[in-house]
Every structure is written in structure tokens, then in C-alpha cells.
Amino acid sequence: MNTVAEQVASHLLQIKAIKLEPNHPFTWASGWKSPICDNRKTLSYPEVRTYIRDQFVNLIKTKYPQVELIAGVATGAIAQGALVAQELELPFVYVRSAAKNHGLENLIEGEYKEGQKVVVVEDLISTGGSSLQAVEALRNAGCDVLGMVAIFTYGFQKAIDNFTNAHCVLDTLRDYNAMIDLAQKTGYVQESDVVKLKEWRLSPESYK
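Procedures and definitions
- Residues numbered from 1 in each chain as written.
- Predicted model: local features only at pLDDT ≥ 70, side-chain atom pairs only at ≥ 80, totals over all residues.
- Heavy atoms only, no water.
- Buried < 20%, exposed > 50% of the residue type's maximum accessible area, 1.4 Å probe, protein only.
- Helix = DSSP H or I, 4+ residues; strand = E, 2+ residues; numbered from the N terminus.
- Pairing = 2+ DSSP bridges.
- Right-handed = clockwise from strand over helix to strand, strands pointing away.
- Core = buried A, V, L, I, M, F, W, Y, C linked by side-chain atoms within 4.5 Å.
- Contact = heavy atoms within 4.5 Å.

Q: Quick one: what's the story with the pairing of strand S6 (residues 92–95), residue by residue and with numbers?
A: Only one face of S6 is covered, namely the one carrying Val93 and Val95; the face carrying Phe92 and Tyr94 has none of its residues buried. Here strand S5 (residues 69–73) pairs with S6 via four bridges, running parallel. Each residue of the ladder has a partner; that of Ala71, found in S6, is Val93. Tracing the backbone out of S5, into helix H3 (residues 78–88) and back to the parallel element S6 gives a crossover that is right-handed. Relative to strand S7 (residues 108–109), S6 runs antiparallel, the two sharing two bridges. Looking at the pairing, Val95 lines up with Ile108 of S7.

Dropping the structure here:
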């Protein structure tokens, strides 16, 4: 494998963390039909989770050397974010999708200080809505969000627009195109299915 994107894609296809079923689409919570299902199995495989952690660490050290705090987006990125923070020897917090309705009613769990420079860790970017809610929560708490790193993005135009409008830089270890290209090369999907997979990404809301 020549690139991080290809290596990450290879890991995820091998452990079936990503399933490609263009002829038997899955139904997302949003109601969209999708030929892809992400089962979030990476944490169950030490080699895979370590590789992903190390790539996040390398990316953050290179692009955000001034980082002071790592934040994970609940729930999918809590564990991976904590692994990254541990490797970087930095404090860690995680951001809930909504504040608790009991106890301290926290939206951000953990110790942080106003003005701290934060990198947000996420697992998956679809439209970017829930991910950017976490960014907004951190900004509202007075943190300086440097950017977000994620394992995977579908590359939807809506997500690109949302991150642009939120003035938040996004870096991902792999993307949809890298995944499909590798799946085709390795025979994970048939060449005839590639057209359907690429059509879905362009218009996911109308896929059947």
C-alpha cells in the first residue's frame, strides 16, 4: 500500500468494518438507502486501532503542533480520541450529542480551560451535522478549535459546504473514492457495481 488512505481502506475491508452491498442497500437512521454499512469494528482489532491511532498522531503533530487538548465526539470517537490523547500525552474530553438531563448536565465531559487549543477526533463524516455540533459546543465553551480529524468521509458536497460555512478544517485518513478504488482493485466488489457505488455518493437521498 502506497498511501495512508489505501492502508486504512485495506484494514477496514479486511475486518469487514465496511460492507459494500450495492444491490442490497442498508437503511440509515435518516431513512436514506445506502450501499455501505460502517460497523465500527476497528477497536476490536489491536493492529487496526493502533495503526489508526498512529496516523492521527502523525497528522496532528504535523499540522497542529500547538494543540493543547484532544476532544472526541460521542459516542463513536470517544475511545479513539482517548487513545490519541494518551499517545500525545495530552488531556482529553468528549462532547455529548446533547447535555445530560441529570447531575451536572454536562455537554462536554472532562477538564478543559477557556482558550485551550483543541483538535477534535471523529470516526465518520456523513453530512457533518453532528460533528460540527461538537465543534460549536467547544467554541461556545471558549475553546479554540484548530480543526477536526476523522477516519472516514463519504465526501458529500453537503458536508464540504457545512465545514466551509463553519470555518472548520477537516482532515480524514481515508475517503469514499479511495475505498471504492481499492475494493475494485482487490475484487471486493465487481466492476459492474462500481457505477452504482459512485452514483450513490452523488445523490444519496434518492438512491433505491
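Q: So what's going on with the nonpolar core? Which residues, and what values?
A: Within the largest apolar cluster, 41 residues are counted, with the highest numbers of intra-cluster contacts made by Leu20, Phe56, Ile60, Ile70, Val119, Tyr154 and Tyr176. Counting only elements with at least two residues in this core, the list comes to helix H1 (4–14), strand S1 (18–20), helix H2 (46–63), H3, strand S8 (117–125), strand S9 (144–153), helix H6 (176–185) and helix H7 (191–202). If we ignore the near neighbours within four places in the chain, the residues touching Phe56 are Gln80, Val84, Val121, Glu122, Val149, Ala150, Ile151 and Leu173. If you look at the next biggest cluster of nonpolar residues, it comprises 21 residues, including Cys143, Ala150, Phe163 and Cys168.

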